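Report on the structure
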Amino acid sequence: MNKKLYLVLSLVLVATLALTACAPKEEAAPAEDVVEEAADGDTFKVAMLTDLGGLAASEEVKGFSDLGWDAVKQAESELGAEVTLLEAKELADLEPNLIKMASEGYDVVVGVGYLFTDAMNAVAPQYPDTKFIIVDSTVDQPNVASLVFAEEQGSFLVGAIAAGMSQTGTIGFIGGMESALIEKFEAGYIAGARAINPDIKVLSGYTGNFTDVAAGKELTLTQYGQGADIVYAAAGSCGLGTIEAAKDNGFYAIGVDTNQDGIAPGSVLTSMLKHVEVAVFNSIKGAYEGNFVTGITTYDLAAGGVGYSPMEYTKDVVPADLLTTVDGLATRIINGEIVVPTTVEEANTFVLPE
Amino acid sequence: MHTIRKFFLKRQPVFITVIAVVLAFFVVGIILAATDRNPFNAVYYFVRGAFGNVVNTADTISRVIPLTIAGIAFLVGAQCAVFNVGIEGQLLLGAMASAIVGYVVKLPAYLHLPLMLLSGALVGGLYGLIPAWLKTKRGVNEILSTIMLNYPATYLTHFLVLKVIPIEGVVPATPFIEDTARLPILIEGTQLHAGVFVMILVVIFAYFLLYKTSLGYEMRAVGYNKTAARFHGIPVEKRMNFAFFLSGALAGLAGAVEVAGVHYRFLDQFSPGYGYDSITVALVGLLNPFGVVISATLFGALKTGILEMSVYSGIPRQLTTLINGIVVLFVAAKDILGGGYARIFRGKDTYEAEKEISQ
Amino acid sequence: MDYILELQDICKHFGNVFANDHVNLKVEKGTVHSIVGENGAGKTTLMNILYGLYKQTSGEIFINGNKVNIESPSDAIRLGVGMIHQHFKLIPAMSVAENVMLGEEPIKGKLFLDLKKINESTLELSDKYGLAVNPKSMVSDISVGIRQRVEILKALYRNANILILDEPTALLTPQESEDLFLIIERLRKDGKTILFISHKLKEIMQISDNITILRDGKVVDTVKKSETDEVHLARLMVGRDVFLKPASKSKMIGEPILKVEDISAVNEYHHPVLTNVSFEVRSGEVLGVAGVDGNGQTELVRALIGLQTLTKGKIILRDKEITHLSVKKMRSAGIGVIPEDRLQEGLVEDFSVEENLFLGLQRIEPFSNGNIINWNAVHENADSLVKTFDIRTPNINHKARLLSGGNQQKIIVAREIFHAPDTIIAAQPTRGLDIAATDFVHEQLIKQRDSGKAVLLFSLSLDEIMLLSTRIAVIYKGSIVAIVSKDDVTPEDLGLMMLGGSYEHIPA
């Protein structure tokens, strides 16, 4: 019995240590001098909460949550706001975290990530004077601003670039954990590629999480082996594995959310940008100036909420006429001539309207 | 002096565990101090975050609930030589089953809530019977089989919320359960829900079963010595199968209580690894039902206290995972402490003499 | 007379316990000197002091007349003292020769083990004392008896002149023991001095020159073998007269209670382990089953409690067939068993004394109503059995693991006997017990016999069989080759039959 117990114990221990090892490296603790007691009404206070992802380890590999934090820091420097950050460890933390921040008198509480949906739905009515912002999901409460993005539109454009640049006629897509949100990326990407080359072959794969860099690399190499010469990863940190694989083997990766072109200059063809920082800062600024916009705000191409990176390192290899074509597609999306599909099913039959 | 010695000797396992936990915190304190962070400050925020006011205490208790129930799930297995490392998977399936019953079925609360909780327990228990069958009929080591069975459970629930159960919005989850299937919140503005009573019942049930019934006696006999149990007419395989089922059922119940009391639906990734934590909780709790409550309180407080600590004292949350690891390490190494402990309270020679006499 | 070893006033305290109390001992060179005493008399402690594992609290040690200070086993080895422990300290994954040389390996060049030399020296030593050990065998592949010889070789290789053998026969079969005695004889002839630790009187009388008796940490007496006998030694060891004489005759032998009719069984490799076994045990008698270990005794015991599948035959208890019933049903039909492996089969070591005292009875009155345990009844039962059977335990909540072997066996005997089934199967009931405990168990078995129960005794000790049995069945290669009345047979006859010899006048 004891032997077995020790086996179990050592398994637990290994698992715990593995978790510690996998966890993103320590973000330098919030540098601000946090005033813990609720201040008087004069200071404008903003709290940002992350879901399970947390902040990135370093500047180069910034992700989605980091963009939210950028916006909050901008509010600190430009609006003189007092800011704090609270990173959750598990889903059950989300609601207490929202309550904690709301009850401590923060004027604006930002929840970055759709996982906040339920918790914010429950908490927002209890603190009607607090302004809540949720990113990537919608919460139908009078004091909540729901910021959503047309990821499919941005993905459409990078899909078009990928199809135009592919030598093999095969490109790849890698998702993190399957969800309706990630499907939007995939659908847009497929549709955009089909707009340039209706015969393009798009390989799709999911790593099942947003953290496992090695899994991202492995999946990318598999797709590379099947002929894909450009791979787009909408998979959080797994995408770093995609970029690494591309760099090692001399093909292209496409980054996501932030401008990831600089992680491996020349190997990242472009990045699909999701301007979370713009959206969140606008919303905070609105709250600061007294015209907080509640309800759903969609940040699409027209609103400048999504797009692709300026291709600092790859400008020269991309034919100018391809970029012209892509810009043309962007215009047509903005005009409403092209409606980018949000499901893979629709995307697979997408035909560019005449 | 003699009575003091006796007092400490009699409770050796308990005190050693306490010492192990205290030492773990001490080591964490040293790490904090070595990285220029004030450990006392950290402790202050930790305690405040866990128990500083009614809200924090209530939230801590809400974390203790799943940890305790899942810890008891591991305990009832381990007491019968069944090392169920598959609690996570059973918990997820139980949560899923109860969530489905919670939103599909329409019944008055006094029927709906029990039905919802029982369905979670039943599904968890049935899933626990797979490794039971593998073990007692095919001789497959249950540690391996239960670990492996966590994966199908995780991905099955994942698949269900993504592809099968259609809902509005982007959150991968089932629809919300009916109000009649919810465990009421006990303190408004906190997550403390009536599942705490379910937890108390589970603890009492486990204690009563293991120490007051013939069945529990037989399970423990199997746990300590299968050969002797068999020699004395105890149907070893049957008891182990039952332990597998019960362990899985309590795991499923833990998941169902989380759904009914906290999330009100099955949310993908809702469990932060309660199933794995349950093992640590049960072992630190010395495989005793009341010990499990104490150890679950410790680990629950770790979860809530650390949040506050990371906000106000600038200690990164990764260090908190380390605290967990260090506690497990020290508890695992407590046999080493045991020798020293015995020497302190017996004197070296008496310890050796007892060893010799007991040979 | 030259004394190679002299101990003067050795005392060893463990806290308040006096393990050795002013022990004086003089050992002549070239003799076999036995140290005898009950378990806990302080024999092993004394030897551990001599071997440097413990430090005496007070007292002095002289070797060859020189006062020595033994701080550690390496001091002891340097002074020519070697010890063969009860539990061997060999490395199974290494060869015999490698184990013998461990720590003293001959080196070839600067780096390499001189394997050839290792094997040669080991073989040389082995031949010299007739140990018949193959230096190249892996320790994991050799029997317990041979492993013990490897331990002896280790000591000899380190030039031991005084060899301490701590209960060397505890783990050996009778034949292996005989071989060991031959080896000891050869060592003695070569001038080695042997300190032989044991509580088995018969072997002590067989091989000793001098005998020192310890009791409660004190030397009771030192005697020459020629001036003593077993009864005398037993009295000195235990401090009172002991039973160890043939049991009184069965008073009233009644109807057969347990009948075994023509049973056969095979093992997992389909080899027969029991073949057409038939016998009956009557009320008021002890049927002893004699045989060399491994001739089907274990399987027969398991068959009688429902743990061994039978290929044919019947088991009948009081006219009721119980063949193929579950263990639980066979036992509730009235079979009690004292299993041969006390720790594995008889007890749950991590249970308390009281929990062990109702093991197997947890679903019957008064201990339970079938589901809920009545702990008051359990406490009462434990209190009364502890008293009746003189189980030495601090309290009834003490873990069985912490008790001595004798007291553990008393728990089993108490439980199986007190709950009075019709038939008691006693398998090796006194293995490893000292004289007092053995005596006690024997007494209890005879008491049960006289109360009209049927007792089936399995023992590897012919003495025990001869002492207790009314009739004796001899088992050989899974068959009962003879069933004889004790009065019609000599131990020599039995010994012959146990090895497959025939017996001319088998009574009908």
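Residues numbered from 1 in each chain as written. Chains lettered and ligands numbered in written order. Predicted model: local features only at pLDDT ≥ 70, side-chain atom pairs only at ≥ 80, totals over all residues. Heavy atoms only, no water.

Points about the overall build of chain B
- Of the regular secondary structure elements, chain B holds 16 helices and zero strands.
- By the burial criterion, 60% of the 359 residues in chain B qualify as buried.
- Pairs at least 24 apart in sequence give 76% of the contacts found in chain B among residues at least 6 apart.
- Roughly 13,700 Å² of accessible area belongs to chain B as shown, and the carbon and sulfur atoms make up 70% of that amount. (Helix = DSSP H or I, 4+ residues; strand = E, 2+ residues; numbered from the N terminus. Buried < 20%, exposed > 50% of the residue type's maximum accessible area, 1.4 Å probe, protein only. Contact = heavy atoms within 4.5 Å. Areas by Shrake-Rupley, 256 points an atom, 1.4 Å probe, with all protein chains shown as cover.)

Looking at the overall build of chain A
- Broken down by element type, chain A carries eleven helices and twelve strands.
- Counting only residues that meet the buried cut, chain A has 55% of its 354 residues in that class.
- When contacts within chain A are restricted to residue pairs at least 6 apart in sequence, long-range pairs at least 24 apart make up 67% of them.
- Looking at chain A as shown, the accessible area adds up to about 13,800 Å², and 52% of this sits on carbon and sulfur atoms.

Things to note about the domain arrangement of chain A
Residues and elements named next belong to chain A.
- Assigned domains within chain A: domain 1 (42-149 + 277-299) and domain 2 (152-273 + 319-347).
- Using C-alpha coordinates to define each centre, domain 1 is positioned 28 Å away from domain 2.
- Counting from both sides, the interface comprises nine residues of domain 1 and, opposite them, nine residues of domain 2.
- Summing both partners gives a buried area of about 680 Å² for domain 1 against domain 2, and 61% of it is carried by carbon and sulfur.
- Counting across the domain 1 and domain 2 interface gives zero salt bridges. (Domains from an automatic or database assignment. Buried area = accessible area lost by both parts, 1.4 Å probe. Salt bridge = Lys/Arg side-chain N within 4 Å of Asp/Glu carboxyl O.)

What about the nonpolar core?
- Membership of the largest hydrophobic core comes to 211 residues, with the highest contact counts inside it found for Phe156 and Ile284 of chain A.
- In terms of residue count, the dominant contributor to this core is helix α11 (residues 236-263) of chain B (14 residues).
- Non-local contacts of Phe156 of chain A, meaning those with residues more than four positions away in its chain, are made with Gly188, Tyr189, Ala191, Gly192, Ala195, Leu329, Ile333, Ile338, Val340, Phe350 and Leu352 of chain A.
- Core analysis: the next-biggest nonpolar cluster, separate from the first, contains 41 residues, Ala400, Ile412, Leu457 and Leu467 of chain C among them. (Core = buried A, V, L, I, M, F, W, Y, C linked by side-chain atoms within 4.5 Å.)

Here's the deal with unusual backbone geometry
All names here are of chain C.
- Of the consecutive residues Glu365 and Pro366, the connecting peptide bond is found in the cis state with omega at 0 degrees.
- The phi dihedral of His22 is positive, around 50 degrees, even though this residue is not glycine.
- Within the element layout of this structure, His22 appears in strand β2 (residues 17-28).
- By relative accessible area, His22 is classed as partly exposed at 47%.
- In this model, Asp262 sits at a positive phi of 60 degrees, which is unusual for a non-glycine residue.
- On the secondary structure map, Asp262 appears in strand β13 (residues 256-266).
- Residue Asp262 is classed as partly exposed on the basis of its relative accessible area of 33%.

A few points about the sheet that holds strand β16 (residues 312-317) of chain C
- Spatially, the four strands line up as an open sheet ordered β14-β13-β16-β17 (chain C), and their pairing is antiparallel. Here the strands that pair on one side only, and so sit at the sheet edges, are β14 (272-282) and β17 (320-321) of chain C. (Pairing = 2+ DSSP bridges.)

Examining the environment of Ile263 of chain C
All names here are of chain C.
- One can find Ile263 in strand β13.
- For the pair Ile263 and Gln86, spaced 177 residues apart in the sequence, the C-alpha separation amounts to 39 Å.
- With near-sequence residues (within four places) excluded, Ile263 lies in contact with Leu274, Thr275, Asn276, Val277, Leu300, Ala303, Leu310, Lys312, Gly313, Lys314 and Ile315.

Details of helix α2 (residues 64-79) of chain A
Residue and element names in this part refer to chain A.
- With 16 residues, α2 extends 22 Å between its outermost C-alpha atoms, agreeing within 8% with the 22 Å of an ideal straight helix rising 1.5 Å per residue.
- For α2, the full list of buried residues reads Phe64, Ser65, Asp66, Leu67, Gly68, Trp69, Ala71, Val72, Ala75 and Leu79.
- Count one or two residues on from α2 and you reach Gly80, which has phi positive near 70 degrees. (Expected span 1.5 Å × (residues − 1).)

Section: the interface of chain C and chain B
- Taken together, the 39 residues of chain C in the interface contact 26 residues of chain B.
- Carbon and sulfur atoms supply 57% of the area that chain C and chain B bury against each other, a total of about 2,800 Å² over both sides.
- Inspection of the region where chain C meets chain B yields two salt bridges.
- A salt bridge links Glu218 of chain B to Arg363 of chain C, with the nearest nitrogen and oxygen atoms 2.7 Å apart.
- At the surface where chain C touches chain B, the tally comes to 16 residue pairs in polar contact (both at pLDDT 80 or more). (Polar contact = N/O pair within 3.5 Å; in protein donor to acceptor, adjacent residues only side chain to side chain.)

Concerning the side chain of Ser247 of chain B
- Tracing the sequence through the fold places Ser247 of chain B in helix α11.
- When neighbours within four sequence positions are excluded, Ser247 of chain B is seen to be in contact with Ala73, Phe74, Val76, Gly77, Asn84 and Gln90 of chain B.

Describing the confidence of the model for chain B
All names here are of chain B.
- Mean pLDDT over chain B works out to 85, with 87% of the residues at or above the 70 mark.
- In this model, residues 346-359 is a region of pLDDT below 50 whose contacts with residues beyond four sequence positions or in other chains number 27 contacts.
- Per the prediction output, this complex has pTM 0.77; the corresponding ipTM is 0.83. (pLDDT = per-residue confidence, 0-100.)

Here we look at the pattern of salt bridges
Residues and elements named next belong to chain C.
- In this structure the tally under the stated criterion is 40 salt bridges over all chains.
- Note that Asp21 and Lys218 form a salt bridge whose closest N and O atoms lie 3.8 Å from each other. In this pair, Asp21 sits in strand β2 while Lys218 sits in strand β12 (residues 218-224), placing the two residues 197 residues apart along the sequence.
- A relative accessible area of 44% means that Lys218 is categorised as partly exposed.
- For Lys128, the salt bridge identified is with Asp190, shortest N-O distance 3.9 Å. Taken together, the residues Lys128 in helix α4 (residues 115-128) and Asp190 in the loop between α6 (174-189) and β10 (193-198) connect sequence positions 62 residues apart.
- On the basis of relative accessibility, which here comes to 52%, the residue Lys128 falls in the exposed class.

Details of helix α13 (residues 375-388) of chain C
- Given a rise of 1.5 Å per residue, 14 residues ought to cover 20 Å, and the 20 Å separating the end C-alpha atoms of α13 of chain C matches this to within 8%.
- Considered for burial, the residues of α13 of chain C that qualify are Trp375, Ala377, Val378, Asn381, Ala382, Leu385 and Val386 of chain C. Along α13 of chain C, the residues classed as buried sweep out an arc of 155 degrees about the axis, all on the same side. Facing away from the buried surface of α13 of chain C by more than 90 degrees, the exposed residues are Asn376, Glu380, Lys387 and Thr388 of chain C.
- Contacts made by the buried residues of α13 of chain C are with α8 (195-212) and α9 (214-224) of chain B together with α12 (353-356) and α14 (405-418) of chain C.
- Measuring from the side-chain oxygen of the N-cap residue of α13 of chain C to the backbone nitrogen of Asn376 of chain C gives 3.1 Å; that N-cap residue is Asn374 of chain C. (Arc of directions from axis to C-beta.)

Describing the sheet that holds strand β11 (residues 210-215) of chain C
Residues and elements named next belong to chain C.
- Ordered in space as β6-β9-β10-β3-β11-β12, the six strands form an open sheet in which the pairing is mixed. Edge positions in the sheet fall to β6 (81-84) and β12, since each has one partner strand and no second. The mean angle between the axes of side-by-side strands here comes to 20 degrees, regardless of whether they run parallel or antiparallel.
- The pairing of β6 with strand β9 (residues 162-166) spans four bridges and is parallel. Each residue of the ladder has a partner; that of Val81, found in β9, is Ile162.
- Set on the sheet, helix α1 (residues 43-50) makes contact with β3 (32-36), β6, β9, β10 and β11; between it and β10 the angle comes to about 150 degrees.
- In the packing of helix α8 (residues 230-238) onto the sheet, the strands contacted are β3, β11 and β12, and the crossing angle to β11 comes to about 30 degrees. (Axes fitted to C-alpha atoms, helices over the stretch in contact; angles between N-to-C directions.)

Describing the packing of aromatic side chains
- Taken as a whole and judged by the stated rule, the model has 21 aromatic pairs over all chains.
- Ring geometry for Tyr224 of chain A and Phe251 of chain A: centres 4.3 Å apart, planes at 15 degrees, overall stacked. Of the two residues, Tyr224 of chain A is situated in helix α7 (residues 213-225) and Phe251 of chain A in the loop between α8 (238-249) and β9 (252-257); the sequence distance between them amounts to 27 residues.
- You can call Tyr224 of chain A partly exposed: its relative accessible area is 32%.
- Aromatic pair Tyr207 of chain B and Phe290 of chain B: ring centres 5.1 Å apart, planes at 45 degrees, arrangement tilted. (Phe/Tyr/Trp six-rings, centres within 6.5 Å; stacked < 30°, edge-to-face > 60°.)

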